[in-house]
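# Chains, contacts and geometry: an overview
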Amino acid sequence: MTRQASFIFSTDQLNYEFSDTHPFNQKRIVLTKSLLDEMNTIEPDEIVIPRTATDEELLLAHDAKYIEIVKKASKGEVSENIGSIYGIGTEDTPFFHGMHDASALLVGGTLTAIEEVMEGRSRYALNLGGGLHHGFQGKASGFCIYNDSSVAIKYLQQKYGARVLYVDTDAHHGDGVQWTFYDDPNVCTFSIHETGRYLFPGTGNVTERGNGAGYGASFNFPIDAFTEDESFLHIYKTALREVAAHFKPDVILTQNGADAHYFDPLTHLYSTMKIYEEIPKLAKEIAEEYCDGKWIAIGGGGYDIWRVVPRAWSHLWLTMKDIPTPTGRLPEAWLSKWQPESPVPLIETWEDPDDLYEAVPRKNDINEKNEQMLTRALHVIRKS
């Protein structure tokens, strides 16, 4: 019997850890699962243990030499000078013991999620340990060693012959995935992110539309710094509906970074929990309309692991399970368990407070600029 949803989880996913002070902290997965557990929303048979990706699977999107270097770095056998050539041993993506195994497990988790859906064991699947969208074929970047999305999309193509719509709502541009499939007409990459004028990785302009046979299958929606909920959601909903209608995918893979929130320390957007309530609802709607429900969701960025990520990521699972959007206070048991450990006061309600931030003086200008960007970004579709 097909499950409604599968929750890919193992405490081994926490082994992807650069240091105690690095902003990429996989404890957010535990915090999210704990919140969902306190709500009694995950059944024991819905938890699926992730497998580790094989070298053959990693080679779908990565060079053999790069994989070899990561393996050696895992054992302390690579110098910083050599490592930096491959993007590891850097400030963003430092060495850590066992980094190959930890990274391959995150990739394997996304492959596990894909198999759950594509083999008919589950209608939807969620792997919060995935979403490492900055990794390149032969180089790590932006906290990402192996790119689970790129491997997963190649896997979907080769094993299932699927046309894949990749939707990335992380505040940082999904560059590694975009460039992997830039000339592939059977993979559509969709990324809404803070403009690269102010933020890593500096790419994701509306003019990046694909190359050769892949021209018109790459869509970027770079929104201005300080963009708020209304403009973000207008662009996301308008664009995703038009792109999906144009591309007509067989399966949808969504990367769900939770770093567009006002509290996130690494970005400059002014979103609240309202966008995280709506993002998965539309993804599910698109999957139902075009993909017979085939939707795989993965994690991504998100660096306020206490006040933002658990609430934001919970909405993915709740949407998959058809559980109404919760309101009011978070479970008291969850607040009591984690507040003593949190370095900041937890937000105690599902919604953000109305006075989260002061009014943005340039709001009208920002919204107008975003609207002009949206028109330019969809030009390829609308002119046809």
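My aim in this report is to walk through the structure given alongside it, one point at a time. (Residues numbered from 1 in each chain as written. Predicted model: local features only at pLDDT ≥ 70, side-chain atom pairs only at ≥ 80, totals over all residues. Heavy atoms only, no water.)

### A few points about the overall build of the chain
So the rule is basically this: The way it works is that DSSP assigns letters per residue, a run of H or I at least four long becomes a helix, a run of E at least two long becomes a strand, and they are numbered from the N terminus. What the globule rule says is 2.2 Å times the number of residues to the power 0.38, and the radius of gyration is computed from C-alpha atoms. Only protein chains enter the accessibility calculation, which uses a 1.4 Å probe. A residue is then buried if its area is under 20% of the maximum for its type, exposed if over 50%, and partly exposed in between. Two residues form a contact once any of their heavy atoms are found within 4.5 Å. Areas reported as accessible are Shrake-Rupley estimates using a 1.4 Å probe. Residue values count occlusion only from the protein chains shown.
Secondary structure assignment for the chain yields 13 helices and eight strands. For 384 residues, the compact-globule estimate of 2.2 N^0.38 gives 21 Å, and the chain sits close to it at 19 Å. Taking the principal axes of the C-alpha coordinates as reference, the chain spans close to 55 × 50 × 50 Å. For the chain, the residues scored as buried account for 61% of the 384 residues in total. For the chain, the proportion of contacts with a sequence separation of at least 24, taken over those separated by at least 6, is 78%. Summing over all exposed atoms, the chain offers an accessible surface of approximately 14800 Å²; the carbon and sulfur share of this is 49%.

### Quick look at the nonpolar core
Quick note on the threshold: Here, nonpolar core means buried Ala, Val, Leu, Ile, Met, Phe, Trp, Tyr and Cys residues that are tied together by side-chain atoms lying within 4.5 Å of each other.
Formed by 68 residues in total, the largest nonpolar core has its most connected members in Leu165, Phe190, Phe221, Phe232, Tyr236, Val243 and Trp295. Per-element accounting of this core gives the leading share, nine residues, to helix H8 (residues 229-247). Look past the residues within four positions of Tyr236 in its chain and what remains in contact with it is Val167, Thr169, Phe190, Ile192, Glu278, Ile279, Leu282 and Ala283. Of all hydrophobic cores here, the second largest spans 51 residues; its members include Ala61, Met99, Ala102 and Ala104.

### Observations regarding the packing of helix H1 (residues 27-38) against helix H10 (residues 309-320)
Selection rule: For helices, the axis comes from a line fit to the C-alpha atoms of the stretch in contact; other axes are also lines fit to C-alpha atoms, and the angle between any two N-to-C directions lies between 0 and 180 degrees. Should an angle fall under 35 degrees it is taken as roughly parallel, and over 145 as roughly antiparallel, whereas 65 to 115 is taken as roughly perpendicular and any remaining angle as oblique. Take the far helix as the reference: if the near one is turned anticlockwise from it by less than a right angle, the crossing is left-handed, and if turned clockwise, right-handed. Following the grouping adopted for this structure description, the nonpolar residues are Ala, Val, Leu, Ile, Met, Phe, Trp, Tyr, Cys and Pro, the charged ones are Asp, Glu, Lys and Arg, and the polar ones are all others, Gly among them.
Interhelical geometry of H1 versus H10 gives an angle of 60 degrees and a closest axis separation of 9 Å. It follows that H1 is oblique to H10 by the angle criterion. Viewed along their axes, H1 and H10 form a crossing whose handedness is right-handed. Along its contact with H1, which presents Arg28, Ile29, Leu31, Thr32, Leu35 and Leu36, the element H10 presents Val309, Pro310, Arg311, Trp313, Ser314, Trp317 and Leu318. Residues that form the contact of H1 with H10 fall into these classes: nine nonpolar, two polar and two charged.

### As for the pattern of salt bridges
Put simply, the test is: Here, a salt bridge means any Lys or Arg side-chain nitrogen found within 4 Å of an Asp or Glu carboxyl oxygen.
Scanning the model with the defined rule gives 24 salt bridges in all. Here Lys369 and Asp224 are joined by a salt bridge, their closest N and O atoms 3.6 Å apart. With Lys369 in helix H12 (residues 363-377) and Asp224 in the loop between strand S6 (218-223) and H8, the pair connects residues that are 145 residues apart, well separated along the chain. Across the pair Lys294 and Asp292 runs a salt bridge whose closest N-O atoms are separated by 4.0 Å. Taking the relative accessible area as the measure of exposure, Lys294 reaches 23% and is therefore partly exposed. What makes Asp292 exposed here is its relative accessible area of 54%. Linked by salt bridges that have partners in common, Arg197, Asp224, Arg362 and Lys369 make up one network.

### Quick notes on helix H9 (residues 273-290)
Every α-helix winds through 3.6 residues per turn, so residues three or four apart in the chain are directed the same way. What counts here: To estimate how far a helix should extend, the number of its residues minus one is multiplied by 1.5 Å.
With 18 residues, H9 should reach 26 Å at 1.5 Å per residue; the first-to-last C-alpha distance of 27 Å fits that figure. Among the residues of H9, Met273, Ile275, Tyr276, Glu277, Ile279, Pro280, Leu282, Ala283, Lys284, Ile286 and Ala287 are the ones counted as buried. Structurally, H9 contributes buried residues whose contacts are with strand S3 (122-127), strand S4 (164-168), H8, strand S7 (251-255), strand S8 (295-298) and H10. Directly beyond the C-terminal end of H9, a positive phi value near 55 degrees is found at Asp292.

### Concerning the pairing of strand S1 (residues 3-8)
Defined as follows: Between any two strands, at least two bridges found by DSSP are needed for them to pair. If the strands point away from the viewer and the path from the first strand over the helix to the second runs clockwise, then the crossover is right-handed.
Where S1 and S3 come together, four bridges link them in parallel fashion. Along S3, the bridge assignment pairs Arg3 with Ser122. The handedness of the S1 to strand S2 (residues 47-48) crossover, carried by H1, is right-handed.

### Thoughts on the side chain of His134
Definition in use: Polar contacts, as counted here, are pairs of nitrogen or oxygen atoms within 3.5 Å of one another; within protein the pair requires one atom able to donate a hydrogen and one able to accept it, and residues that are adjacent in sequence qualify only if both atoms are side-chain atoms.
The residue His134 is located in the loop between S3 and helix H6 (148-160) in this model. You can call His134 buried: its relative accessible area is 4%. At a separation of 2.7 Å, a polar atom in the side chain of His134 contacts the side chain of Asp175. Once residues lying within four places of it in the same chain are set aside, the contact partners of His134 are Ser141, Gly142, Cys144, Asn147, His172, His173, Asp175, Gly176, Phe200 and Pro201.

### Some points on unusual backbone geometry
Cis rather than trans, the peptide bond between Phe200 and Pro201 has omega equal to 5 degrees. Within the fold, Pro201 resides in the loop between strand S5 (187-194) and S6. Even without glycine at this site, Asp292 takes up a positive phi of about 55 degrees. If you trace the backbone, Asp292 turns up in the loop between H9 and S8.

### Brief notes about the pairing of S3
Here S3 lies mainly inside the structure; five of its six residues are buried. With four bridges joining them, S3 and S8 adopt parallel strand pairing. Counted as the bridge partner of Leu126 is Ala297 from S8.

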